[in-house]
Amino acid sequence: MSERRRADDPGFELVQHEIPGSLHRFDVDRRDLLKILGGGVLVCLCVPSSLAQETGRASAAREPPKELAAWLHIADDGRVTVYTGKVEVGQNIRTSLAQQVAEELRVSLADVRMVMGDTDLVPWDMGTFGSRTTPMMGRELRSVAATARELLVDMAAEKWKTSRAGLLAQAGKVSDPATRRTLTYGELTRGRKLVKVVGENPALTPAKDWKIAGTPAPKADGRDFVTGGHRYTSDLLRPGIMHGKVLRPPVFDATLVSLDSKRAEAIPGVRLVRDGDFVGVAAADPWSAERAVEALEAKWTEPASPVSNANLFADLKKKVEEGGRGLRHVAGSLEQGLASADVKLERTYSVEYIAHAPLEPRAAVAEWSGGRLTVWTGTQRPFDTRDRLAETFRLPPEKVRVIVPDTGSAYGGKHAPDAAIEAARLAKTAGRPVKLVWTREEEFTWAYFRPAGVIEVVSGARRDGGIVAWEFHNYNSGPAAIRTPYEIANQTIQFHPVRSPLRQGSYRGLAAVANHFARESHMDELALAVGMDPLQFRLKNLSDPRLRAVFEAAAERFGWGKPAAPGRGHGIAGGIEKGGYVATCAEVEIANGRRVRIRRVVEAFDCGAVVNPDGLRNQIEGAIVQGIGGALFEVVRFEKGRIVNPRFSQYRVPRFPDVPEIDVVVLDRKGEPSAGAGETPIVGLAPAVAGAIFAATGLRLRALPLVPEGLPAGTRVSPAPSGR
Amino acid sequence: MAKLVLTVNGTKRSVEVSAEETLLSLLRDRFDLTGTKYGCGEGRCGACMVLLDGRASRSCQMPVSKAVGKSIVTIEGLARNGRLHPVQAAFLEEEAFQCGFCTPGMIVAAVSLLEKNEHAGDEQIASALAANVCRCGTYPRILSAVRKAAQAMGKAAAG
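On a predicted model such as this, the values are computed, not experimentally measured, just so you know.

Visitor: Outline the domain arrangement of chain B, supporting the account with residue identities and numerical values.
Guide: Residue and element names in this part refer to chain B. As far as domains go, chain B holds domain 1 (2-77) and domain 2 (86-158). Distance between the C-alpha centres of domain 1 and domain 2: 21 Å. In this complex, domain 1 contributes 15 residues to the contact, which on the side of domain 2 involves 13 residues. Of all the secondary structure elements, the ones that give two or more residues to the side of domain 1 that touches domain 2 are β3 (49-52) and β4 (55-58). For the side of domain 1 that touches domain 2, the element with the highest residue contribution is β3, accounting for three residues. Grouping the constituent residues of the side of domain 1 that touches domain 2 by class yields eight nonpolar, five polar and two charged.

This is the structure:
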């Protein structure tokens, strides 16, 4: 067995979270680049060590701090402030993290306030992605709160000159049942800094004893979201603010040849910024900024890209990067496995590029003051954005502050710092704060996409349904969830990185959607080939008890095995990813012989001990609905490198009429650690729907999206026998 | 530039703007009523919905001049004396949001529907809100919230 790098190695996965390529090359970059290349070596920008070693909050350290005070403060009125680099983008962690702190600290949820994603105030954090918040930050903050709780007990014991053994911490107080004395946390700390090192393994409250965690606490600041009171980045104002707009080239990586800005600069109050290939304006209001950019006359040279949707998959296969970056997993002997198989299959699956299309487009407000730069922006990586700003503007990171207001969604789409850099560049010249809000068209064109990919599967099974060989190659889409959860002695699994023709990056679940689509679709094909029911075939090859349990739970609630009504079909799929176990059943109806309507979805999900049951259901329902888009119709259309459907009128997203009846079964496992839930609930939908379409029509669709234009004319609709 | 008088959330406000400027831009950038959102600029996502004489209208493509003489109500104008509109209250109770960016437009669209017809059924609700996008996919909860608001408003009207 050889395994160069594990799929669940966070360092490996980070590769997919890094967005390659920068949107802009400022002149200053080129001058420096010449210097660097002149020496023949690539040098990174180094921060003076005196700055890097500043301790406490806002340090440039890349490790979570051990000092309690960096994470948590208790004011003299007992109110608790918690500092975390994670950001709220709709996944409800402002609430779920506060619940975990309140639980361990024994205070009411209302007394906990979360300061999130403000690089001057919170400890360094890599970013909010990879379903890490609950398992890692949640655990970290529970340890922090438990350490604080024990410190408060120590402080009370010292004050009362008594043993700590009999003292109780509860309801924001330490009490001594023997003497009936009590001291509130505020009285104990009197607002002073809590000095203690966060324990390695403090005693954490087991989930079965939770009273605040584990309950459906409502969203923090929920009222602000129904009154329009919450201020997203795009809603912020600063004194003297100007509004920015960037001139976009015709295609990615185009070079500016000439620019005539006379007409634009004649508009009152417009300030033009040209730096390398970057051209933008700042103006008194967005209206003038827009008019000014329209008035710019620019000539560009465009790099020729021969790639369009039509030749995308051939291109991906052609551009495979050689070398060690791809993950490879080998077990047993594929040849021997195939030789012992009664049934062999060889199939190719594909997924197109799709867009995150967060409803709040990328936005940033940048302000320079006294040599310091402050940027408010909706990013999933505040510290990375800070570092990228520091690099771009040649500042030590301590001179840059990034603040992330709770953001209008991201889904993995807000990793790149582009809007922040653009706003800061405009503000630098304008000498005033600048707000930049991308248009929907910019968002669809200049962000980055969920990677497209080709997946080839070769498999072999015995007549009795045991799988004996499994070969799986993923080109470009990514290694997340590439390994099979089924018991197969002989397997070769490999991810092949590719130079993508379009800018691509992270997406909800990363490649787990594509890999599950291919794997679970192929499981259906194998089941058919050996004449077994899709569920029975899976269970026959599966030993993981938690995955078996979600399959069984979903199947039972759905009524798997009962015949579908005429014109309808049933499908099932599931898997394991990022500590979550999911199984999805779908029922589709074929309307007018062409249109696929998903009528019913049942999903069973297990992510260990549930922190907020209602928030969890919300995430699962949302993932199913978002999954419908990628499964049925979402696709980025492009011609020779140019995006041709950058609007909601051209890029279809799920809407009310697309939404099926959704039934969620949560398996709350109090004895298992809590895993993240923002991503994995999306992975089963597409293969379950593909299986259901096959059951209804006999048509096996192996490309996502499945039916962007509806089913092919002439598709026969008939109720297939169960399991077909 | 033209001097226009507009009625926003019950208050008359005069403003000097280009008559082609959009109502959305006017509300957000000149009146700082930022609850109404930009989502697409082509009237295809509903984030920019406001009530014009009680009708849900997309403000992102509407020239300011078209709103003159009409009652403009934004999400900020729905609560009365700190009491949430039944639709707002129902969204809060049903947790019918994740990131919340579509919420003002959804609420405005639902208010427009229910103020005219508090007996609207699921089909009518879904079709009235079909122009609104919730990218987080909270549609099932939004449907529950609007149903709940309809009941509350029906009761209030009957009582």
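Visitor: Outline the packing of helix α4 (residues 93-105) of chain A against helix α5 (residues 133-160) of chain A, listing residues and values.
Guide: Residue and element names in this part refer to chain A. Their axes nearest at 8 Å, the elements α4 and α5 cross at an angle of 30 degrees. As the angle between them shows, α4 and α5 are arranged roughly parallel. In this structure, the crossing between α4 and α5 has a hand that is right-handed. Taking contact as the criterion, the partners of I93, S96, L97, Q100, V101, E104 and L105 in α4 are, on α5, T133, T134, M137, G138, L141, R142, A145, A146, A148 and R149. Looking at side-chain class alone, the contact of α4 with α5 contains nine nonpolar, five polar and three charged residues.

Visitor: If you had to explain the pairing of strand β3 (residues 80-84) of chain A to someone new, which residues and values would you point to?
Guide: Residue and element names in this part refer to chain A. Where burial is concerned, most of β3 is hidden: four out of the five residues are buried. Taken together, the three bridges between strand β2 (residues 72-74) and β3 define a ladder with antiparallel strand orientation. Note that in β3 the partner of L72 across the bridge is V82. Hairpin geometry of β2 and β3 is characterised by an intervening segment of five residues between the two adjacent antiparallel strands and by a positive phi of about 90 degrees at G78. In this structure, β3 lies alongside strand β4 (residues 112-116), joined through five bridges in parallel fashion. Across the sheet, V80 pairs through a bridge with V112, a residue of β4. Once you follow β3 into α4 and on to β4, the crossover reads as right-handed.

Visitor: Which residues make up the domain arrangement of chain A, and what are the values?
Guide: Residue and element names in this part refer to chain A. With domains assigned, chain A is organised as domain 1 (68-205), domain 2 (233-303 + 362-437) and domain 3 (506-704). For domain 1 and domain 2, the distance between their C-alpha centroids amounts to 38 Å. Between domain 1 and domain 2, the contact holds 16 residues from the first and 16 residues from the second. Here the side of domain 1 that touches domain 2 is composed, by residue class, of five nonpolar, six polar and five charged.

Visitor: Which residues make up the interface of chain B and chain A, and what values go with them?
Guide: Tallying the contact residues gives 44 residues for chain B and 47 residues for chain A. Listed by contribution, the elements that provide at least two residues to the side of chain B that touches chain A are α1 (23-30), α2 (86-93), α3 (103-116) and α5 (139-158) of chain B. Broken down by class, the residue content of the side of chain B that touches chain A amounts to 22 nonpolar, 13 polar and nine charged.

Visitor: Quick one: what's the story with α4(A), residue by residue and with numbers?
Guide: All names here are of chain A. Compared with the 18 Å implied by 1.5 Å per residue over 13 residues, the 18 Å span of α4 between its first and last C-alpha is a close match. Of all the 13 residues making up α4, 12 are buried; the element is thus mostly covered by neighbouring parts of the structure. Looking only at α4, the buried set comprises I93, T95, S96, L97, A98, Q99, Q100, V101, A102, E103, E104 and L105. Those residues of α4 that are buried lie in contact with β3, β4, α5 and α18 (613-633).

The rules behind the values
Residues numbered from 1 in each chain as written. Chains lettered and ligands numbered in written order. Predicted model: local features only at pLDDT ≥ 70, side-chain atom pairs only at ≥ 80, totals over all residues. Domains from an automatic or database assignment. Contact = placed C-beta atoms within 7 Å. Helix = DSSP H or I, 4+ residues; strand = E, 2+ residues; numbered from the N terminus. Nonpolar A, V, L, I, M, F, W, Y, C, P; charged D, E, K, R; others polar. Axes fitted to C-alpha atoms, helices over the stretch in contact; angles between N-to-C directions. Parallel < 35°, antiparallel > 145°, perpendicular 65-115°, else oblique. Left-handed = near helix turned anticlockwise from the far one by under 90°. Buried ≥ 20, exposed ≤ 12 C-beta atoms within 10 Å, placed from the backbone. Pairing = 2+ DSSP bridges. Right-handed = clockwise from strand over helix to strand, strands pointing away. Expected span 1.5 Å × (residues − 1).

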